[in-house]
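Close look at the chain arrangement
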Amino acid sequence: MCAPLNGELEIVITNTKDNQGVVQILLFKDKEGFPDSPEKAFKSLSVPVENNQAQITVSDLPDGTYAISTFHDPDADGKMRKGLFGIPKDRYGFSNNASGTMGPPSFEDAAFEITQGKKNQINIKLK
């Protein structure tokens with residue numbers, strides 16, 4: 001028998017460079033593919049930017065551990081622009097405002113729990 005899917009997560013992304021385009025959000029349920037493989041993400045979301053932020057509520061999430069990677073996509077093409085040595089040109093962030101050394105943070109550093117029947121909120125400030 002399947003567990004009820006009723007966890008709710010409000011995601012608030014702040015500090016976009018401007019109000020152009022969208023914020024791309026990848027919600028992962030495990031470390032495979034984290035942070036930049038959309039095809040391995042549990043959910044892939046694209047949210048319009050308003051007042052230099054993006055906000056969305058995701059419902060019906062099963063209990064468990066999740067992590068988010070996100071970036072401001074001003075031209076809404078779904079791709080992060082990168083410069084020399086693969087350094088991102090677009091603003092980006094992770095759940096828990098985690099940061100890595102010489103690369104992205106680990107899934108564990110960005111991980112958070114979703115609990116059934118509880119409204120969870122994650123605030124991410126883009127860098």
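Description of the structure in this document. (Residues numbered from 1 in each chain as written. Predicted model: local features only at pLDDT ≥ 70, side-chain atom pairs only at ≥ 80, totals over all residues. Heavy atoms only, no water.)

1. Concerning the environment of S44
Relative to the assigned elements, S44 resides in strand β3 (residues 43-48). C-alpha of S44 to C-alpha of D63: the two residues are 19 residues apart in sequence and 18 Å apart in space. Filtering out sequence-adjacent residues up to four positions away, S44 remains in contact with I25 and L26. (Helix = DSSP H or I, 4+ residues; strand = E, 2+ residues; numbered from the N terminus. Contact = heavy atoms within 4.5 Å.)

2. Quick word on the sheet that holds strand β8 (residues 119-125)
With mixed pairing, the three strands of this open sheet are ordered in space as β4-β1-β8. Strands at the two margins of the open sheet, each flanked by one partner only, are β4 (53-61) and β8. For this sheet, the mean angle separating the axes of adjacent strands, direction not counted, is 15 degrees. One ladder, built from seven bridges, connects strand β1 (residues 7-14) with β8; its direction is parallel. Residue pairing across strands places E10 opposite Q121, the latter belonging to β8. (Pairing = 2+ DSSP bridges. Axes fitted to C-alpha atoms, helices over the stretch in contact; angles between N-to-C directions.)

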